Amino acid sequence: MDKPLYDAYVSILKEELVPAMGCTEPIALAYAAALARKTLGALPEAVDVRASANIIKNVKSVVVPHTGGLRGIAAAVAAGIAAGDAERKLEVLSGVSGAQIAGIKAYLEGTPVAVAPSESGYIFDIQITARAGDHTAFVQIAGGHTNVVRVERDGTVLLHRDYSEDGRVEGTGRGLLTVERIVDFADHVKMEDIQDVLDRQIRLNTAIAEEGLRGGWGADVGKVLLGAYGDSVHNRAKATAAAGSDARMSGCELPVVINSGSGNQGMTASLPVIVYAEEMGADREALYRALVVSNLVTIHLKTGIGRLSAYCGATSAGCGAGAGIAYLHGGKTYEVAHTIVNAVAINSGMICDGAKASCAAKIASAVEAGLLGWQMQEQGTQFYGGDGIVTKGVENTIRNVGRLARKGMAQTDREIISIMVEGG
């Protein structure tokens, strides 16, 4: 691998594997709101929020951390305004104190926060207009959780970035990723280039999974899996990832390292690989290289799907986990590619109906698909081109997944959102 490509792969990992506290869609709202307050220079007396349908879907049912159990768009915005630190971006609420939680609730109760659908047509769009006296501030985030595209104060444009749905949002081009290159990069990457980012992923994601397994979070899917199906490494891989989601979707205030803008995907891509490495007694370097595969495969799959979709992102991360585990067991491009194709064939089509407690169970299903895809490859069986959306070549199959998610499931996404809105 030549140096420019090598450097790009290192950059992709560093850009994607960043810490976030709380489900990333409400946190993106809190970040935009905190930035609006900072721009306004005063506590807003009224706030207007415009959000795309997928933001509304993903924020509706999830608990916003450091709010005392509040849910929804208005709660996320109030938290960002009343207690957020815009400089910390996806950790905007990480410094909220116990005393400030009461202030968030009081601000929400005493300040009108109007919420309406965005008319921009963007899949990911957040627009915040904050008012105090005769002054206004406007902040827009589009395409990605921290991709601020416009900031205004009293009608004066302070920041503007061109944005289109077809363009690259930010950072290094993900089109450079292929499965063959990912495996080659994992084989040769220098530990000093990726150690810090992966150590952080291991530490933070393991901590929230352990908290989830202690129980009392969400539907306790992780504990249910262990109680029902025992302590095999296969089951622990699913339970650990699910437990992290149990805690996170229910407002746990521990941070996670995300992947493709999602904490659930970050945990799904990493925790099963960590569990298998521990079971095998693999050394730290072997774990790092396997995590490189799992994370980059997840990013590769998600690039074609998009940040938000009707296609459950955990499905991609489950494929990534299966690929990482295949690599951990000595697999190279052939074995990793077949694991991905098998896993895609099993679970593609699982819907995203927002962030909430049942995400933990979907994660368990996604990890199961990844593990079954790996075991099929290990035992010499596979799905072939012509089996549903599977076609000849792993890259062609990955493109089919992106087409299914972006185009085929667009109407599905609209129906999901309609059902959720009608359900209250």
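Everything quoted here is computed from the prediction, not taken from an experiment.

Comments concerning unusual backbone geometry
The phi angle at H66 is positive, at roughly 60 degrees, despite the residue not being glycine. Position of H66 among the secondary structure elements: in the loop between α3 (53-59) and α4 (73-83). Residue class for H66 comes out buried when judged on its relative accessible area of 10%. Non-glycine residue D154 carries a positive phi angle of around 50 degrees. Mapped onto the fold, D154 is located in the loop between β6 (148-153) and β7 (156-160).

Focus on the sheet that holds strand β5 (residues 135-142)
Strands sit in the order β3-β2-β4-β5-β6-β7 across an open sheet of 6 strands; the sheet is mixed. A single partner strand is all that each edge strand has here, and the edge strands are β3 (113-117) and β7. Here the strands of the sheet are splayed against their neighbours by 10 degrees on average, with no regard to which way each runs. In this structure, strand β2 (residues 46-51) lies alongside strand β4 (residues 125-132), joined through 6 bridges in antiparallel fashion. Each residue of the ladder has a partner; that of D48, found in β4, is T129. Across the face of the sheet, helix α2 (residues 24-40) comes into contact with β2, β4, β5, β6 and β7 while running at roughly 150 degrees to β5. In the packing of α4 onto the sheet, the strands contacted are β2, β3 and β4, and the crossing angle to β2 comes to about 125 degrees.

A few points about the packing of aromatic side chains
This model, assessed by the stated rule, comprises 4 aromatic pairs. Arranged with centres 4.8 Å apart and planes meeting at 80 degrees, the rings of Y122 and Y163 form a pair that is edge-to-face. You can see Y122 sitting in the loop between β3 and β4 and its partner Y163 sitting in the loop between β7 and α6 (179-188), a full 41 residues away along the chain. Under the relative-accessibility criterion, Y163 is labelled buried at 17%. Clustering of aromatic rings is evident, with ring pairs tying together Y6, Y9 and F185.

A short note on helix α1 (residues 3-16)
Its 14 residues place the ends of α1 20 Å apart at the C-alpha level, agreeing with the 20 Å of an ideal helix rising 1.5 Å per residue. When we look at burial in α1, the residues that qualify are L5, Y6, A8, Y9, V10, I12, L13 and E16. Residues of α1 that are buried sit in contact with α6, α7 (191-214) and α11 (284-305). The distance from a side-chain oxygen at the start of α1 to the backbone nitrogen of L5 is 2.9 Å, and the residue carrying that oxygen is D2.

Definitions and limits used
- Residues numbered from 1 in each chain as written.
- Predicted model: local features only at pLDDT ≥ 70, side-chain atom pairs only at ≥ 80, totals over all residues.
- Heavy atoms only, no water.
- Helix = DSSP H or I, 4+ residues; strand = E, 2+ residues; numbered from the N terminus.
- Buried < 20%, exposed > 50% of the residue type's maximum accessible area, 1.4 Å probe, protein only.
- Pairing = 2+ DSSP bridges.
- Axes fitted to C-alpha atoms, helices over the stretch in contact; angles between N-to-C directions.
- Contact = heavy atoms within 4.5 Å.
- Phe/Tyr/Trp six-rings, centres within 6.5 Å; stacked < 30°, edge-to-face > 60°.
- Expected span 1.5 Å × (residues − 1).
- Polar contact = N/O pair within 3.5 Å; in protein donor to acceptor, adjacent residues only side chain to side chain.

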